[in-house]
Each structure stands twice: as structure tokens, then as C-alpha cells.
Amino acid sequence: MEKKDFEAWLDNISVTFLSLTDLQKNETLDHLISLSGAVQLRHLSNNLEILLKRDFLKLLPLELSFYLLKWLDPQTLLTCCLVSKQWNKVISACTEVWQTACKNLGWQIDDSVQDPLHWKKVYLKAILRMKQLKDHEAFETSSLIGHSARVYALYYKDGLLCTVFSVDYNDELDVLVSGSADFTLKVWALSTGMCLNTLTGHTEWVTKVVLQKCKVKSLMHSPGDYILLSADKYEIKIWPIGREINCKCLKTLSVSEDRSISLQPRLHFDGKYIVCSSALGLYQWDFASYDILRVIKPPDFANLSLLGFGDIFALLFDNKYLYIMDLRTEKLISRWPLPEYRKSKRGSSFLAGEMSWLNGLDGQNDMGLVFATSMPDHSIHLVLWKEHG
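Residues numbered from 1 in each chain as written. Predicted model: local features only at pLDDT ≥ 70, side-chain atom pairs only at ≥ 80, totals over all residues. Heavy atoms only, no water.

A. Expanded view of the environment of W285. Along the polypeptide, W285 turns up in strand 14 (residues 281–286). You can call W285 buried: its relative accessible area is 2%. Through-space distance from the C-alpha of W285 to that of I274 is 5.1 Å; in sequence the pair is 11 residues apart. Excluding its chain neighbours within four sequence positions, the residues that come into contact with W285 are I236, L253, S254, V255, K272, Y273, I274, C276, Y290, D291, I292 and L293. (Helix = DSSP H or I, 4+ residues; strand = E, 2+ residues; numbered from the N terminus. Buried < 20%, exposed > 50% of the residue type's maximum accessible area, 1.4 Å probe, protein only. Contact = heavy atoms within 4.5 Å.)

As C-alpha cells, then:
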């Protein structure tokens, strides 16, 4: 058939085919397939694959692809990355998806990072670390040996582990504060070692002192002011930090006026919130108003003590385990076995190490010391983060 005649015939056939019902069209195609040879069937197979399996990620504008990808969960997206190099490139560059996934895992987000492929790599590191936590495999242990007698107290700051009783210091103020078994606090000049002030008012051992900048406007302080907190068995006291002689306590916090409920010898203050644990749970005060914001009840089986408290996680422990709690759900997500450590009623023989990760992991702050406690053999038992796999 000549080309001109063929084209006219094809036009007529096309018009007739379009006028058929779907059932008639299917029967027509079935008949034509039955008449086709190998060349025609191969041609049909190749073209059907192109028509039926269109790569929508490749065809759609990038912004629309990103919008569609936001509806998929991260694990599905990781599977989709295996489809092709093009899919992997597009999905890996979907910054918002991976940032959201990292936030949901309790990871800190630095919006200044411009690399579009950065956040998928961070997510992969995050799920590995979170799996280690879930499987109780995120830490390792070590020991410090060298003391010839009992270690009564531990203190950690800026990467240094010291064996002293309750202290805190600030280089900017040239001040060190210490708590004592004689119920007093002392303020010292770092540069000269001179005692600048002795604060009285506690009726129990002062088991914790914290020197920290205020980050909110409170009833008695402004952002940027330095705050001194001290704690004993029943009370938390807030002091002005200065060189006035015989200065008075500004505020006293407690969980029971009749002292029927004692505080455990740990105290957290980050400039915005005060947190302390008791037999009834973790108490969190708003520093701006001194109101109790919430009480986190421990699980029925646990009598947990506070080690550290952040925006995302809390570090807790009991006689047998070190625990991590997700504060968004108030659920324990990981634990690590502890040895028979030396139990101190004053809370001075154990402490947390680096705590920035409690505000959210970032792939860099989950390293170094997590927990330390003194042991009966005079050594110091350490719990450390494992290196990333």
C-alpha cells in the first residue's frame, strides 16, 4: 500500500476506533494482537512500558515533587532512593522532609547549613543512634583508677571531672560557689581564693549549687542576670549573686510545706526552668513565675533520680540502670546497666557528663562522658557514648 493510501486508511480506522465502546476497543486490540508477529509484539511491549511507567519525579517540576514527597514517611523515602539515580538525587535534596524527620527523632536542626544533601546524611546517622538507644547499645563503660581512699564527691564541667563536693564556678564573674555539710554556701573569688560571702538559711546539707545566667524575665531578675540556686533535702533556694555581706534568699521552692516529701539530691537549672526529682516524680518550675509547670510521674516499677533535663530528653537513674526519657512522650526509650556503685544519700558520688544532647542530638554532641560514679574499690566508673558506626 502506498504511503498516501496508508495514511488515509489509518485516518479512517482511527475515526472508527474512537467511536467504539471500551469493550469493542478491547476486542479490536485483542484481534490485532492475535494477528501480530514477533516484531509487532516486541514493538508493542517496548512502547507500553514507556506509556504505563512514566517517571513522575523526572517529569514534574522540582517544587511539586518535593510537595508530594512530604507525604511519605522516611523509611519509604529511603526505599524510593533505590529506584534510580534520578530518584535518589531528587529525594536526597528534599531538605524539608529530612529536617522534619530529624526533628521527630529529637535531633537539633541548624538552618544555616545550605548543603541540600546534608540532612539525609544526618537522618541516616540519627536512625543509627536511635536504634542503638532502643537496643540499649549506645554506651560503653570505662574506669578511672588512682584514688587510695573513698571518693566522696564528683564534679564535672567543661570536660573536666573533679573529686570535690558541691561546687560551681564562672570565669566571667571570677566567682566559685560551694555548698557544705554545715548548711551554708560560700562565694569565693577564683583569682585570689578569698571567701567573699557566706550564705545561710538551709537547715540540711547543701547538696547542689548551680550558677547560671537567667534567660527569661522573672519576678526578681532580668535576662542576662546571674542566678545562684542551692538545694538541700527539702528546699531549693534562689539567691542574688553579688558581694553583699549577709545577703538574703530571694525565693524558696519546695514540693510540700510540711516537709513530708523530700527532694532527691539533684537540681537542674538552664536559665528558664528549674527541675528537681522527688518520690512523686520530676517537678518542673517556670523560672519567670516560680509556678510548677508539670510533674512527670515515674513508671510504676521505677523510683528514678534526676541526672539531667533538656528540651527533648531527660537522663535518669536508679540502683540498677541509667535511663533516657523522651520528654515529648514522657516515655523511657533506653537504658544502660549500672554496677553496684557507692550509694550516697547526699547525691555527691554520681553525676552526668556532657548534657547538651538533652536539648536534641545533632550527630556531634553524642560523644564523651554520659555518667560517672564512685565505686567501693575507690575507682570511678564511667559510662561513655559509643562512637558512631
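B. Quick peek at empty space enclosed by the protein. Using the criterion set out here, one finds 1 cavity of 30 Å³ or more in the structure. Quantified by volume, the largest cavity comes out at close to 50 Å³. For the largest cavity, the full set of lining residues is S278, G281, L282, I296, K297, P298, L304, L316 and M325. Each residue belonging to the lining of the largest cavity can be placed in one class, and the counts come to 6 nonpolar, 2 polar and 1 charged. (1 Å grid on protein atoms, 1.4 Å probe; cavity = no way out; pocket = protein on both sides within 12 Å on 5 of 7 lines; lining within 4 Å. Points joined across faces, edges and corners; volume = space filled by probe spheres on them. Nonpolar A, V, L, I, M, F, W, Y, C, P; charged D, E, K, R; others polar.)

C. Broad picture of the packing of helix 8 (residues 95–104) against helix 9 (residues 118–134). Between helix 8 and helix 9, the shortest axis-to-axis distance is 8 Å and the interhelical angle comes to 25 degrees. Here helix 8 is positioned roughly parallel relative to helix 9, judged by the angle of their axes. Judged by the twist between their axes, the crossing of helix 8 over helix 9 is left-handed. Residues T95, W98, Q99, A101 and C102 of helix 8 lie in contact with helix 9, whose contacting residues are W119, K120, V122 and Y123. Grouping the amino acids of the contact of helix 8 with helix 9 by side-chain chemistry returns 6 nonpolar, 2 polar and 1 charged. (Axes fitted to C-alpha atoms, helices over the stretch in contact; angles between N-to-C directions. Parallel < 35°, antiparallel > 145°, perpendicular 65-115°, else oblique. Left-handed = near helix turned anticlockwise from the far one by under 90°.)

D. Representation of the nonpolar core in the model. The biggest cluster of nonpolar side chains holds 41 residues, and the ones touching the most others in it are I91, F139, L315 and L322. Looking at this core, the element that brings in the most residues is helix 9, giving 6 residues. Here I91 is in contact with L57, L69, L77, C80, C81 and W98, once residues within four sequence places are set aside. Within the second largest apolar cluster, 19 residues are counted, among which are I238, L253, L263 and Y290. (Core = buried A, V, L, I, M, F, W, Y, C linked by side-chain atoms within 4.5 Å.)

E. Spatial organisation of the sheet that holds strand 21 (residues 369–374). The strand order across the open sheet formed by 4 strands is 1-22-21-20, and the pairing between neighbours is antiparallel. Where the open sheet ends on each side, the last strands, each with one partner, are strand 1 (139–144) and strand 20 (350–352). Neighbour-to-neighbour, the strand axes of this sheet turn through a mean angle of 15 degrees, independent of strand direction. Bridge analysis of strand 20 against strand 21 gives 3 bridges, and the strand direction is antiparallel. Paired with L351 across the two strands is A372, which belongs to strand 21. (Pairing = 2+ DSSP bridges.)

F. Quick peek at the packing of aromatic side chains. One pass over the structure, following the stated rule, counts 12 aromatic pairs. Judged by centre distance (4.8 Å) and plane angle (55 degrees), the ring pair of F269 and F287 falls under tilted. Taken together, the positions of F269 in strand 12 (residues 268–269) and F287 in the loop between strand 14 and strand 15 (292–296) put the pair 18 residues apart, joining distant regions of the chain. The rings of F139, F313, W336, W357 and W385 are connected pair by pair, giving a single aromatic cluster. (Phe/Tyr/Trp six-rings, centres within 6.5 Å; stacked < 30°, edge-to-face > 60°.)

G. Spotlight on the environment of A372. Take A372: it is sitting in strand 21. Relative accessible area serves as the criterion here: at 0%, A372 is assigned to the buried category.

H. Summary view of unusual backbone geometry. Not every positive phi belongs to a glycine, and D174 is a case in point at roughly 55 degrees. On the secondary structure map, D174 appears in the loop between strand 4 (167–170) and strand 5 (175–179). Overall, the relative accessible area of 22% leaves D174 in the partly exposed class. In the Ramachandran plot, E330 falls in the positive-phi region, its phi being about 60 degrees despite a non-glycine side chain. By relative accessible area, E330 is classed as partly exposed at 34%.

I. Structural view of the state of the cysteines. Going through the model one piece at a time under the given rule, you end up with 0 disulfides. Note on C94: no disulfide assigned, nearest cysteine sulfur contributed by C81 at a separation of 10 Å. (Disulfide = S-S within 2.5 Å.)

J. Geometry of the confidence of the model for the chain. Residues of the chain with pLDDT of at least 70 account for 92%, and the chain-wide mean is 85. Taking the mean pLDDT of every element in the chain, the minimum, 63, falls on strand 3 (residues 160–162) and the maximum, 94, on strand 18 (residues 321–326). (pLDDT = per-residue confidence, 0-100.)

K. Region of the structure containing the sheet that holds strand 17 (residues 313–317). The strand order 16-17-18-19 describes an open sheet built from 4 strands, whose pairing is antiparallel. Looking at strand neighbours, the two that pair on one side only are strand 16 (305–309) and strand 19 (331–337), the edges of this open sheet. With strand direction ignored, the average angle separating the axes of adjacent strands in the sheet is 25 degrees. Helix 9 rests against strand 17, strand 18 and strand 19 of the sheet, and its axis sits at about 70 degrees to strand 19.

L. Structural context of a nonpolar patch on the surface. A grouping of L29, L32, I33, L35, L41, L44, L48, L51 and L52 is seen on the molecular surface, where their side chains present a nonpolar patch of about 840 Å² in accessible area. Every element with two or more residues in the nonpolar patch is listed here: helix 2 (22–35) and helix 3 (38–52). The leading source of residues in the nonpolar patch is helix 3, at 5 residues. Its location among the elements puts L41 in helix 3. (Patch = residues over 30% accessible without salt bridge, like charges linked within 9 Å, V, L, I, M, F, W, Y side chains within 5 Å. Areas by Shrake-Rupley, 256 points an atom, 1.4 Å probe, with all protein chains shown as cover. Salt bridge = Lys/Arg side-chain N within 4 Å of Asp/Glu carboxyl O.)

M. The arrangement of the side chain of D326 in detail. Structurally, D326 can be placed in strand 18. On the basis of relative accessibility, which here comes to 10%, the residue D326 falls in the buried class. Excluding anything up to four places from it in sequence, D326 contacts I312, F313, K331 and I333.

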